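Take a look at the letters that make up each chain.
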Amino acid sequence: MLDKIIQPGAQKVKARKTRFGDVTVVAPPPSAAMVQHHVKASTEALERLAKRVAKPGVRLRAKKGVPLYSLDSDNPDVMIRKLNGKTERGRFINGVFATAD
């Protein structure tokens, strides 16, 4: 969208300086139309991002042989383990999951 080519010896245009660490870039300011275009594009991108980020929680996909643990919402002392399509309730004793009898 660069609508002007800067050539040596051309008419002087008011320029802006921008620093990136040790590098300084000197260029003419963007046109109002260019600014409006990029504001619109960034707003649309932010709306797309907000739709994805606004969903609460984390989605964990079950894999064969890998257990997924969660707390029982009715009793926080009880853990729920989902493993290979089987759901069991229990708790950890000395670092080992023990099913409730």
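Here the residue index of a chain counts from 1 through its sequence in written order. Local features in this predicted model are restricted to residues of pLDDT 70 or higher, and side-chain atom pairs are both shown and tallied only at a pLDDT of 80 or more, whereas totals for entire chains, interfaces and linings draw on every residue. Based on all heavy atoms of the structure, the side-chain values leave hydrogens and waters out of the count.

### Topic: the overall build of the chain
- Secondary structure elements follow DSSP: runs of H or I no shorter than four residues count as helices, runs of E no shorter than two count as strands, and numbering proceeds from the N terminus. A count of helical and extended segments in the chain gives one helix and six strands.
- Only protein chains enter the area calculation, which uses a 1.4 Å probe; residues under 20% of their type maximum are buried, those over 50% are exposed, and those in between are partly exposed. Evaluated residue by residue, the chain yields a buried proportion of 9% over its 101 residues.
- Whether two residues are in contact is decided by their heavy atoms: any pair within 4.5 Å suffices. Taking the contacts inside the chain whose residues are at least 6 apart along the sequence as the reference set, 5% of them involve residues at least 24 apart.
- In this description, accessible areas are obtained by the Shrake-Rupley approach with a 1.4 Å probe, and a residue is regarded as covered only by the protein chains that are shown. Summing over all exposed atoms, the chain offers an accessible surface of approximately 9,700 Å²; the carbon and sulfur share of this is 56%.

### Some remarks on the packing of aromatic side chains
- Two rings from Phe, Tyr or Trp (for Trp, the six-membered ring) form a pair when their centres sit within 6.5 Å of each other. Planes less than 30 degrees apart are called stacked, planes more than 60 degrees apart edge-to-face, and all others tilted. Tallying each qualifying case throughout the model produces three aromatic pairs.
- Here the aromatic rings of Y69 and F92 are separated by 5.1 Å at their centres, their planes lie at 55 degrees, and the arrangement is tilted. Taken together, the residues Y69 in strand β3 (residues 68–71) and F92 in strand β5 (residues 86–93) connect sequence positions 23 residues apart.
- When the centroid spacing of 5.6 Å and the interplanar angle of 55 degrees are considered together, the rings of Y69 and F97 count as tilted. Pair noted here: Y69 is in strand β3 and F97 is in strand β6 (residues 96–99), with a separation of 28 residues, a long-range link.
- Given a relative accessible area of 12%, F97 falls into the buried group.
- Aromatic ring contacts, followed pair by pair, group Y69, F92 and F97 into a single cluster.

### Some points on a positive patch on the surface
- A residue counts toward a patch only above 30% relative accessible area and without a salt bridge, and it is joined to like-charged neighbours within 9 Å or, for Val, Leu, Ile, Met, Phe, Trp and Tyr, to nonpolar neighbours within 5 Å. Each salt bridge in this description consists of a side-chain nitrogen of Lys or Arg and a carboxyl oxygen of Asp or Glu lying within 4 Å of one another. Residues counted as positive are Lys and Arg, residues counted as negative are Asp and Glu, and His and the chain ends are not counted. Where a charge lies is defined by one atom per residue type, namely NZ (Lys), CZ (Arg), CG (Asp) and CD (Glu). Together, R52, K55, R59 and R61 make up a region of like positive charge exposed at the surface.
- Within the secondary structure layout, R52 lies in helix α1 (residues 32–53).

### What about the pairing of strand β1 (residues 16–20)?
- For β1, the tally of buried residues reaches only zero of five residues, placing the bulk of the element at the surface.
- Pairing of β1 with strand β2 (residues 23–27), which is carried by five bridges, proceeds in the antiparallel orientation. If you follow K17 over to β2, its bridge partner there is V26. Two strands form a pair only when DSSP identifies at least two bridges running between them.

### Here we look at the pairing of β6
- Note: β5 against β6, four bridges, orientation antiparallel. Paired with I93 across the strands is V96, a residue of β6.
- A loop of two residues connects β5 with β6, the two strands running antiparallel in sequence, and N94 in this loop sits at a positive phi of about 50 degrees.

### Observations concerning the sheet that holds strand β4 (residues 79–83)
- Spatially, β3-β4-β5-β6 is the arrangement adopted by the four strands of the open sheet, whose pairing is antiparallel. The sheet is open, and its two borders are formed by β3 and β6, each paired with just one other strand. Strand-to-strand twist of the sheet, defined as the mean angle between neighbouring strand axes without regard to direction, takes the value 45 degrees.
- With four bridges joining them, β3 and β4 adopt antiparallel strand pairing. To get an axis, fit a line to the C-alpha atoms, keeping to the stretch in contact for a helix; angles then go from 0 to 180 degrees between the N-to-C directions.

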